[in-house]
Amino acid sequence: MSPQELFDLTGAPVLLGWIILIAGPRRFAVLNAIPQFIIPFALSLLYAALVLSHFSQTGGGYGSLAAVRQLFTSEWVLLAGWVHYLAFDLFVGSVLAARMDRAGIGRLVQAPVLASTFLFGPVGLVLALGTETLLSGRSAMATLKLHPRR
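In short, a report on the structure. (Residues numbered from 1 in each chain as written. Predicted model: local features only at pLDDT ≥ 70, side-chain atom pairs only at ≥ 80, totals over all residues. Heavy atoms only, no water.)

1. Details of helix 1 (residues 3-23)
Right, on to step 1. When the terminal C-alpha atoms of helix 1 are compared, their 31 Å separation across 21 residues agrees well with the 30 Å that a helix rising 1.5 Å per residue should span.
Right, on to step 2. Along helix 1, the residues classified as buried are Pro3, Leu6, Thr10, Val14, Gly17, Trp18, Ile20 and Leu21. One side of helix 1 holds all its buried residues, which, seen down the axis, span an arc of 155°. Turned more than 90 degrees away from the buried face of helix 1, the exposed residues are Leu9, Ala12 and Ala23.
Right, on to step 3. Turning to helix 1, the residues buried within the fold contact helix 2 (29-54), helix 4 (75-102) and helix 5 (107-120). (Helix = DSSP H or I, 4+ residues; strand = E, 2+ residues; numbered from the N terminus. Expected span 1.5 Å × (residues − 1). Buried < 20%, exposed > 50% of the residue type's maximum accessible area, 1.4 Å probe, protein only. Arc of directions from axis to C-beta. Contact = heavy atoms within 4.5 Å.)

2. Regarding the packing of helix 1 against helix 5
Right, on to step 1. The N-to-C vectors of helix 1 and helix 5 enclose an angle of 155°; their axes lie 9 Å apart at closest approach. By the criterion of interaxial angle, the relationship of helix 1 to helix 5 is roughly antiparallel. Both helix 1 and helix 5 take part in a crossing whose hand is right-handed. Touching Val14, Leu15, Trp18, Ile20, Leu21, Ile22 and Ala23 of helix 1 are Arg107, Ala111, Leu114, Ala115, Thr117 and Phe118, all from helix 5.
Right, on to step 2. Looking at side-chain class alone, the contact of helix 1 with helix 5 contains 11 nonpolar, 1 polar and 1 charged residues. (Axes fitted to C-alpha atoms, helices over the stretch in contact; angles between N-to-C directions. Parallel < 35°, antiparallel > 145°, perpendicular 65-115°, else oblique. Left-handed = near helix turned anticlockwise from the far one by under 90°. Nonpolar A, V, L, I, M, F, W, Y, C, P; charged D, E, K, R; others polar.)

If you want it as structure tokens, here you go:
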């Protein structure tokens, strides 16, 4: 299978995950598991396979912008990077949706925030945390559990 064919196959499940996340009912744990765990897990397996089989062939790395550019000259590694984005953005979106649910933020407000997460990753994160802070009356950062376990 070519990198383009694999790229084409990743779109439909990710889009399904985002549709479930944005428009689906969240009261069903099994339905929630699809965008939060099942699709990101499957994409993570694909990512691992791509990285393990093609990463060492590129000659690139992470030490400089030129090395990153060299790394992504391989279509296989470029595909791995894309799959990485798809998996992480969907997982992060599902975590943000759950946080906004707990903060009492309505689904109509969540929809553009989640769409931003889908399209622009970190922009959606900023919008979600800002929205949570503004609409819940408490700092989104205060709800993060950053204390070490005892």
